[in-house]
Amino acid sequence: MAFEVELSERAGRDFENAFRYIADRAPQNAKRWRTRMGQAFSQLASLAGSLGEAPESRDTQVQIRQMLVGSYRILYTIRGDVAFVLTIRHAAMQFLPADELSRMTDDA
């Protein structure tokens, strides 16, 4: 099944912030990262239903899945035929607390 990939406002900000962070340190790496993330979103359209649950999913009423892209995690939920990206996080960051995830899934 093909999914439409939609980014939440937060995920869009996360993407831009990560890109700027990388670009400030290594502009060429930032361009490669942006390309790699674009490819990941394309893959997510076909793989969303088969990727595993994020560890944070056990603390919520909504199933949260993840896609790993290098050292980043794309956290998303499936709504019908939409893979809705909640946030993009560096893998070294702590897992999101349940209350924050609940707000993200409620607002989306």
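Structural data are supplied above this passage.
What comes next is a walk through the structure. For clarity, every value in this text was computed on a predicted model and none was experimentally measured.

Reading the values: the criteria
- Residues numbered from 1 in each chain as written.
- Predicted model: local features only at pLDDT ≥ 70, side-chain atom pairs only at ≥ 80, totals over all residues.
- Heavy atoms only, no water.
- Helix = DSSP H or I, 4+ residues; strand = E, 2+ residues; numbered from the N terminus.
- Expected span 1.5 Å × (residues − 1).
- Contact = heavy atoms within 4.5 Å.
- Phe/Tyr/Trp six-rings, centres within 6.5 Å; stacked < 30°, edge-to-face > 60°.
- Buried < 20%, exposed > 50% of the residue type's maximum accessible area, 1.4 Å probe, protein only.
- Lys NZ or Arg CZ within 6 Å of the ring centre and 35° of its normal.
- Pairing = 2+ DSSP bridges.
- Axes fitted to C-alpha atoms, helices over the stretch in contact; angles between N-to-C directions.

**Regarding helix 2 (residues 27-47)**
Working step 1: For helix 2, which comprises 21 residues, the first-to-last C-alpha distance of 30 Å matches the rise-based estimate of 30 Å (1.5 Å per residue) to within 8%.
Working step 2: Taken together, the buried residues of helix 2 touch strand 1 (4-7), helix 1 (9-25), strand 2 (65-69), strand 3 (72-79) and strand 4 (82-90).

**Digging into the packing of aromatic side chains**
Working step 1: This structure, assessed with the given rule, holds 3 aromatic pairs.
Working step 2: With 5.0 Å between their ring centres and 35° between their planes, Phe-15 and Trp-33 make a pair best called tilted. A residue pair is termed long-range when its members are at least 10 positions apart, and Phe-15 in helix 1 and Trp-33 in helix 2 qualify at 18 residues. Take Phe-15 and Trp-33: they sit in the same class, and that class is buried.
Working step 3: Among the aromatic residues, those joined into a cluster by ring pairs are Phe-15, Trp-33, Phe-41 and Tyr-72.
Working step 4: Taking NZ or CZ as reference, Arg-25 lies 3.6 Å from the ring centre of Tyr-21, over its face.

**Notes on the sheet that holds strand 4**
Working step 1: Pairing in this open sheet of 4 strands is mixed, and the strands run 1-4-3-2 from one edge to the other. Lying at the two open borders of the sheet, with one neighbouring strand each, are strand 1 and strand 2. Between one strand axis and the next, the sheet turns by 35° as a mean value, whatever way the strands run.
Working step 2: Running over the sheet, helix 1 touches strand 1, strand 3 and strand 4 and is turned about 35° from strand 4.

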